[in-house]
Amino acid sequence: MEKILPPPSELIPGILLSSSRALRRRGKKTYREAVPENSSYPSFLVSVRKTFKHSMYILFKFEETVPDYPFPFGSLVQVFGPEGDKEAERAYFLARNNLKLKDWRQPLKFKEEILKYAAEDPFSSERINLEALKVFSIDPEGCLDIDDALHFKETSIGWEVGIHIADVASYLPVGSSLDLWAREKGVSLYFPKSLGLPFLPMLPLLEEKASLLPGKRRRAFSLILSFSSSFKLLETNFVHTSIRNRKAWSYEEAEAALDKNSELLALKTFSTSYFDPPPVSTHTLIALWMKEANKLCASRLLATSSPGIFRIQKDKGIPLPETSSFYSSLIYHLQTGRAKYGTKEESSLKHTGLKISAYTHFTSPLRRFADLTVHRILSSVLPEESNLSILCEHLNQKQKEAKQAERSALLLEFLLLYKEVFPLQTEGRVVGIEETHILLFLPAFSFLLPCPLFSKAMFEFIERISSKTSVSFIRKDKPENKLKLSLEQEVSLQIVFSASEGSFSSRLRVQLLDPDPLALLISSEIE
């Protein structure tokens, strides 16, 4: 790949190599080779005043190119520290993901805005009081930004399920300072606590007013579903309500009480008959109802002349397994992450990964700006001049950046925790299959890890064929040579930490042992 030069103003994260081969001299100055994080940039020669025993994480700037020198020259801006050092890794992680914590610290004027708009309710005339209902939520331990809660009750004709979502739009007028700030951020960012990185909320401080915290009177945008005694959905209503969350369960607490608490047990029993496949845990129980709410919300958007934002996945990927296990729940989560935001003008609104004709995001307005926008559309408060196509492009980019940052943080946490035990062999389960790699869940570490299969150049000789339950990689010249992989399949792998110089994360090597992709070149069918 041909290398390009960055603009002179750009701060470039990279690693300053310590080996003797990286040393250069120019006049009286000493330079060392620096390898940028961005692989489209060439290596640089960066001036240093002292000797480093280890490769160091740095920020530097492009200065100039000089004839007869193999690399362009750069100037050192900041040294974070040696690779493998926790504080240096943390600082470098923020730099390479362009996360300036000061940009996430909310201005004081937001406090005034929040207090002002919290005292005003634009939907007060239509808000229905449902505070007498036994509403509950189920979230990760310690969750404070509670977007969603549920209620379930028997009726004279069957059952009623209420999916209550924090009514963020009622606290946040379009075009306010906090609204523009949240639009720019796009999503909240979550990082492992062990890295010492903060939670970066899309809507700072608003969670104190809008989050469905237990015991608090809260505004909600509720989807009320009426079912017959034979589990047929009869009616869907989107209404502005006021609710009181009676109990905020953690997933672990709810799982332990699933067959003991009357509300949880009733909802589980109903859900087992309504969903196919049925939920097998509190995680899948909540995921299925949020998926149902998002699907029904998309149907409502399509049924009106209003604009809409949809989650669209055009590539087929690999079909979801016909089970409701922990792994299928994880696969579902990963499949939904492949989609992008789009508008009604798209040629197809289908979410192929979920096998749904139209899908949107409605259930997390505290964490995603797309959901907040959907609430505004349904509530008829989005200005007509709003350009949703441009917003979708922006949110897709923010989603991509967030996913990269969060996965990068998880990988860093994994390396810092387990670097002393490499090399190791372990077992994994296939939870994602891409063109050149698979995504594995490692039960022994409760961790997701990408594992390469083939380089892109190999696909001159290999064909990828998807079936209903698996993906096969077949040699074009020898069709009998086949590698077959299925979701939830057990595999063996080896993890090695390379001794070569480079960033901490780049030194991780993962190799599939059984089945062995390289055997495709010499063997027949491998499973």
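Residues numbered from 1 in each chain as written. Predicted model: local features only at pLDDT ≥ 70, side-chain atom pairs only at ≥ 80, totals over all residues. Heavy atoms only, no water.

### Here's the deal with helix α10 (residues 369-378)
Inference 1: Among the 10 residues in α10, nine count as buried, and that is most of the element.
Inference 2: Residues of α10 that are buried: F369, A370, D371, L372, T373, V374, H375, R376 and I377.
Inference 3: Among the residues trailing α10, S380 stands out with phi positive, at a value near 60°. (Buried < 20%, exposed > 50% of the residue type's maximum accessible area, 1.4 Å probe, protein only. Helix = DSSP H or I, 4+ residues; strand = E, 2+ residues; numbered from the N terminus.)

### Considerations on the pattern of salt bridges
Inference 1: Going through the model one piece at a time under the given rule, you end up with 19 salt bridges.
Inference 2: The salt bridge involving E64 is made with R26; its shortest N-O contact spans 3.1 Å. Remark: R26 occurs in strand β2 (residues 23-26) and E64 occurs in strand β5 (residues 56-64); sequence separation between them is 38 residues.
Inference 3: Accessibility expressed as a relative area gives 35% for E64, which makes it partly exposed.
Inference 4: Residue classification places R26 among the partly exposed residues on the basis of a relative accessible area of 25%.
Inference 5: Of the charged contacts in the structure, one is a salt bridge between K295 and E292, with a shortest N-O distance of 3.4 Å. (Salt bridge = Lys/Arg side-chain N within 4 Å of Asp/Glu carboxyl O.)

### So, the pairing of strand β12 (residues 233-250)
Inference 1: Pairing of strand β7 (residues 128-129) with β12 involves two bridges; the strand directions are parallel. Pairing of I128 across the sheet is with T241, part of β12.
Inference 2: Sheet topology places strand β8 (residues 135-139) next to β12; five bridges connect them, and they run parallel. Along β12, the bridge assignment pairs V135 with N245. (Pairing = 2+ DSSP bridges.)

### Quick notes on the sheet that holds strand β18 (residues 462-466)
Inference 1: Taking strand neighbours across the sheet as the criterion, the three strands line up as β18-β19-β20 in an open arrangement whose pairing is antiparallel. Each edge of the open sheet is held by one strand with a lone partner, namely β18 and β20 (482-486). Across the sheet, the mean angle from the axis of one strand to that of its neighbour is 15°, orientation sign disregarded.
Inference 2: Across five bridges, strand β19 (residues 470-475) lies against β20 in antiparallel orientation. Across the sheet, residue I474 finds its bridge partner in β20, namely K482. (Axes fitted to C-alpha atoms, helices over the stretch in contact; angles between N-to-C directions.)

### Here we look at the side chain of S170
Inference 1: Along the chain, S170 turns up in the loop between β10 (158-166) and α4 (177-185).
Inference 2: For S170, a relative accessible area of 4% puts it in the buried group.
Inference 3: Excluding its chain neighbours within four sequence positions, the residues that come into contact with S170 are Y117, E120, D121, P122, F123, R127 and R219. (Contact = heavy atoms within 4.5 Å.)

### Re a negative patch on the surface
Inference 1: Side chains of E141, E252, E253 and E255 sit close together on the surface and give a patch of like negative charge.
Inference 2: Classification of E141 by relative accessible area gives exposed; the value is 59%. (Patch = residues over 30% accessible without salt bridge, like charges linked within 9 Å, V, L, I, M, F, W, Y side chains within 5 Å. Areas by Shrake-Rupley, 256 points an atom, 1.4 Å probe, with all protein chains shown as cover. Lys, Arg positive; Asp, Glu negative; His and termini not counted. Charge placed at Lys NZ, Arg CZ, Asp CG, Glu CD.)

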